Each structure stands twice: as C-alpha cells, then as structure tokens.
Amino acid sequence: MTAEQKTRCRLCGGDGMVEFLSFGEAPIADGLIREDQLEQQDPTAPLRTLFCTDCTLVQIGETVDPVSLFGDAFRYLSSCSETLLADAEENAQQLIRASALDRSSLVVEIGSNDGHLLKHFLDRGINVLGIDPAPSPAQVAEESGIPTRRAFFSGELAEGMVAQGLRADIVIANNVLAHVPALTDFVSGISLILKPEGVAVIEVPWIFRMMQNLAYDTIYHQHVFYFSLTAISDLLGRHNLFVNDVRHIDSQGGSLRLYIGRQKTAGPSVTGILEEELARGVRDAAIYFDFSRRVEAHRRRLHDMLADLKAKDRRIAAYGASAKGTALLHACGLNNAMIDYVVDRNQIKQGYYMPGSRLPIRSPDLIAQDRPDHVLLLSWNLADEILAQQNSYLEAGGEFIVPIPEPRTITQQSSVVMGSAAASHQ
C-alpha cells in the first residue's frame, strides 16, 4: 500500500523529527480480510513513531490514504461494548445539563460511528447531526434514525454547513483527532461550525497513560497522532480555541476528555496536567526512547510466553478482533500458527479474518463450546466486561491471558480481584 513519508512535523512544520520506535511493515489494523481475499497479500505500510522536538507532538512517519483506512473494510461499532455505551449515556446527560440544551440546540458529532452517543440527545428532542465516512457504521446510525453525513470532516465541509445555517452548540469528536492527517484544517472546521458560546468536547488517548500502561497496541496507521495536553493546546491555540477543563477517562486504556471554548478560562485541571507533563519530560525525547526499550522487552516476553504454551500443546484463542488486536499480534509476531481463532461480539466482523495474522473471526459463544486452554485478551481495556461475559468459561477451568501492561493470567480464582487490578492500570 502506498504511504506518504513525512520528514516535517504535521503541526508545526519543523524538521526536528526523531524516530524512537518502529514496527516495520505493518498490516492495516482495521482492514479485515474476506475469505475470497485469503490468497492475496495483505496491504501493509511502514509504521514508525516520531517525536517532534519543536512542538512535542508524537506522530507516525507515514500517512496512509484515509479513504483506504475507513472504507468498506472498517467495521468497528462502538455499541458492541456495554462499557462504552454506559459512558456515552453519562457523557450525553452531563452535556445536556451543563449547556442547558433544548429543542433549539444542535449537537454535531464528528466520527459518529453507529450513532450510539447522539441517540441520547435525539431521545431528548435535541437536534443532532453525525458525520462519518465509514459506510458500515454510518448505515447502522441511519437505520437508528440518526441523521448522518457520510463524509470526512474538513474545513470545506464546515464552510458548506455554515452556508446552510448549521452551527453547533456542542461539537463532539471522540477518538477522532488522532485519525486526521490534516490537523489544522480539521480544527479550523470545528472553529467554523461552533457557535460563539459553544463547547467542543474532544477525547484523545493520553500519551502519558499510553506509555505508563505500555499500550503500544494503540500505535497503528489509523492513529496518526499521540497527544499530550501540551501539544493539543498548541494546536487549538492556533485557531483561537482553548482547553478550559479536562477529565481523565478510562476508555481506550486512558484518555483525556477536553472541554474547549473560544474564551481562555483554563481551570486547575488544565494547569495541573500541563505542569505534570512538563515535570515528566514532555519536551525531552529521552522519555520516548525509554518507552521504546520497555516495549521491545514486552514484545519478547509476550511472544515467548505464548510460544512456550504452544510448545506444550496448549490450545490458544483470542478475544477482540480490534485494531489494537491486529497491532499487538503483529508487533509480537503472533499468527494463526500459534493462535487458533479470535472471537468478537461485533456480528458484522464475524466471518472475516484478522489482517496480518489471518485469524478467523468467530462469535464469543465459541469459547464456551470449544474450551481452549487459554484466551489472549486483545481487548484488554474492556477486561472487566469481557471476563463477566465469559464467567462460564472461567468456571470450567479456562484461563485468560491479559497482555497489557504486563502479561498475566486470569483464572476463576483470580478474576474476583481483576476489577481492582484493572483499575490500577487505567
């Protein structure tokens, strides 16, 4: 697959880019494989992570065409996770109260996926508009009554919306900003459609939590950027937008939810995180090279752990046909010679194959029926939810392997303390 190599920072244009971690030629993480494509080679592209010494932004070195990343093969549905659904409802209710939204208000969500978040606003009679280029989730949203524009959000699209009289009281972009190569154009579009007193709510995985958790499985081609609050504040400030409040969110292994407006009234949550990042070395490449060393050691440990189990004729399955699952399998050299299959609750993924590893994707019901000796938990950020769903497998003597932040096993006896253990890593 063709990928454009970047030698200058996508945000500041500086040439002080330092590579600190590489995964070689990597498969496209969400590019699920149909059975009739198994004889073909998987599309791949180089996957390198770079630190900009000028503005601190971490980014990958090659840009893959977004159309190929978020086309028909992109089949992720947010509503397949009960944890994410509960968080969406709480988030929506909080925004409705805080901004006193009513039937005259408009909420626009960029990267609206299957509409699971916008539904909570629509149910209260609030006007909504979803924007998402991926056909499969957009269709699910439309069938649920969520008005959806199947398009990539951009400054040009925003200009067209404003010309139609569409300006938003709330603009939401959850786990979208990292996907957008044209950062400045994207943020300028948000500024255009946001009403003068409106609020933009943006969630991004926090790079310091990623490094703390060793969550290198979140590094893949769809994620062009890995944000600190320092870097994102720089980006927003170029468009006269300001982070005024920040909340830590457990989803995606540790994220920041940013509340952004046109007035600069930063609260203690903002200044506190900025000071913390500075103290932890956000402007120093050394912390990223240290992360790289720990990643390399972890990759070897996880591979050797599973190779040892396979050498003992243990049967291994995996749970979670996610992009991060593809990334972890590739990074650790795990494939269908070591793992038999992967299961996922998302029915529109079932029947496909994981890119790179070529693992067949099946229903989670297969775990209880087949009873593999071990299940590698690729969706480790949803561990509590999945372990509860698979309690019968654990009761029958099954064993989960949770790979992040350190490989560890979960049995029926140990699962009772999993909740507190997982919380300590969020």
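Residues numbered from 1 in each chain as written. Predicted model: local features only at pLDDT ≥ 70, side-chain atom pairs only at ≥ 80, totals over all residues. Heavy atoms only, no water.

Participant: Give me the lowdown on helix H4 (residues 135-143), citing residues and values where you can.
Facilitator: In an α-helix, one turn spans 3.6 residues, which is why side chains three or four residues apart end up on the same side. Taken as a whole, H4 has its buried residues at Ser136, Pro137, Ala138 and Ala141. The elements touched by buried residues of H4 are strand E8 (148-149). At the C-terminal side of H4, Gly145 shows a positive phi close to 90 degrees. (Buried < 20%, exposed > 50% of the residue type's maximum accessible area, 1.4 Å probe, protein only. Helix = DSSP H or I, 4+ residues; strand = E, 2+ residues; numbered from the N terminus. Contact = heavy atoms within 4.5 Å.)

Participant: Account for the environment of Tyr226, with residues named and values stated.
Facilitator: Relative to the assigned elements, Tyr226 resides in strand E11 (residues 225-226). For the pair Tyr226 and Asp123, spaced 103 residues apart in sequence, the C-alpha to C-alpha distance is 34 Å. Here Tyr226 is in contact with Leu57, Val58, Gln59, Ile60, Ile207, Met210, Thr218, Ile219 and Tyr220, once residues within four sequence places are set aside. Here the side chain of Tyr226 touches Tyr220 through a polar contact of 3.3 Å, landing on its backbone nitrogen. (Polar contact = N/O pair within 3.5 Å; in protein donor to acceptor, adjacent residues only side chain to side chain.)

Participant: Give a detailed account of the sheet that holds strand E18 (residues 399-402), specifying residues and quantitative values.
Facilitator: Here we have six strands laid out as an open sheet, ordered E16-E15-E14-E17-E18-E19, and mixed in their pairing. On the outer flanks of this sheet lie strand E16 (361-362) and strand E19 (408-410), each paired with one strand and no other. Taken together, the four bridges between strand E14 (residues 316-319) and strand E17 (residues 374-377) define a ladder with parallel strand orientation. Following the sheet pairing, Ala318 is matched in E17 by Leu376. (Pairing = 2+ DSSP bridges.)

Participant: Can you tell me about the pattern of salt bridges, naming the residues and giving the values?
Facilitator: A pair can form between side chains of opposite charge whenever their charged atoms are brought close. Using the criterion set out here, one finds 20 salt bridges in the structure. In this structure, Lys195 and Asp169 form a salt bridge, with 3.0 Å as the shortest nitrogen-oxygen distance. With Lys195 in strand E10 (residues 194-205) and Asp169 in strand E9 (residues 168-174), this pair connects stretches of sequence that are 26 residues apart. The exposure class of Lys195 is partly exposed, given its relative accessible area of 26%. Between Glu406 and Arg301 there is a salt bridge, and its shortest N-O distance comes to 3.0 Å. Placement of Glu406 in the loop between E18 and E19 and of Arg301 in helix H10 (residues 286-311) is noted, with a sequence separation of 105 residues between them. Residue class for Arg301 comes out partly exposed when judged on its relative accessible area of 37%. It is possible to trace a salt-bridge network through shared partners that takes in Lys310, Arg315, Asp340 and Asp370. (Salt bridge = Lys/Arg side-chain N within 4 Å of Asp/Glu carboxyl O.)

Participant: Describe the environment of Ala231, listing the residues and the values that go with them.
Facilitator: Along the chain, the position of Ala231 falls in helix H8 (residues 229-237). If sequence neighbours within four positions are ignored, Ala231 has contacts with Leu11, Cys55, Thr56 and Leu57.

Participant: So what's going on with the packing of aromatic side chains? Which residues, and what values?
Facilitator: For the structure on display, the rule yields seven aromatic pairs. Judged by centre distance (6.2 Å) and plane angle (15 degrees), the ring pair of Phe23 and Tyr216 falls under stacked. Pair noted here: Phe23 is in strand E2 (residues 17-27) and Tyr216 is in the loop between helix H7 (207-213) and E11, with a separation of 193 residues, a long-range link. We note that Phe23, like Tyr216, is buried. Seen from their ring centres, Phe153 and Phe186 are 5.3 Å apart, and the 80 degrees between their planes marks the pair as edge-to-face. One end of the pair, Phe153, is in the loop between E8 and helix H5 (155-163); the other, Phe186, is in helix H6 (residues 183-193), and 33 residues separate them in sequence. Across the pair, exposure class does not vary: Phe153 and Phe186 are buried alike. Within the aromatic cluster, the residues linked to one another by ring pairs are Phe20, Phe51 and Tyr288. (Phe/Tyr/Trp six-rings, centres within 6.5 Å; stacked < 30°, edge-to-face > 60°.)

Participant: Now, about the pairing of strand E6 (residues 106-110): what can you tell me, with residues and values included?
Facilitator: With respect to burial, E6 is a largely interior element, five of its five residues being buried. With burial as the criterion, each face of E6 is covered, one bearing Leu106, Val108 and Ile110 and the other bearing Val107 and Glu109. Relative to strand E7 (residues 127-131), E6 runs parallel, the two being bridged by five bridges. From the neighbouring strand, Ile110 faces E7, where its bridge partner is Ile131.

Participant: Could you give an account of unusual backbone geometry, naming the residues involved and the relevant values?
Facilitator: Working note: non-glycine residues mostly have negative phi, and peptide bonds are mostly trans. Cis geometry is adopted by the peptide bond preceding Pro405, which originates at Ile404 and carries an omega value of 0 degrees. Relative to the helices and strands, Pro405 resides in the loop between E18 and E19. A positive phi angle is found at Asn175, which is not glycine, with a value near 55 degrees. Inspection of the secondary structure puts Asn175 in the loop between E9 and H6.

Participant: Provide a residue-level description of the pairing of strand E13 (residues 255-261), including the pertinent values.
Facilitator: For E13, the buried fraction is high: seven of the seven residues fall into the buried class. The side-chain alternation of E13 yields two buried faces, one formed by Ser255, Arg257, Tyr259 and Gly261 and the other by Leu256, Leu258 and Ile260. Bridge count between E10 and E13: six bridges; the pairing is antiparallel. Within the sheet, the bridge partner assigned to Glu203 lies in E13 and is Arg257. Bridging between strand E12 (residues 242-249) and E13 involves seven bridges; their strand directions are antiparallel. Paired with His248 across the two strands is Leu256, which belongs to E13.

Participant: Can you break down the packing of H8 against helix H9 (residues 268-279) residue by residue, with the values?
Facilitator: Relative to each other, H8 and H9 sit at 120 degrees, their axes nearing to 9 Å. By the angle class used here, H8 and H9 are oblique. Residues Leu229, Thr230 and Ser233 of H8 form the contact with H9, whose own contacting residues are Val270, Ile273, Leu274 and Glu277. A breakdown of the residues in the contact of H8 with H9 according to their chemical character gives four nonpolar, two polar and one charged. (Axes fitted to C-alpha atoms, helices over the stretch in contact; angles between N-to-C directions. Parallel < 35°, antiparallel > 145°, perpendicular 65-115°, else oblique. Nonpolar A, V, L, I, M, F, W, Y, C, P; charged D, E, K, R; others polar.)

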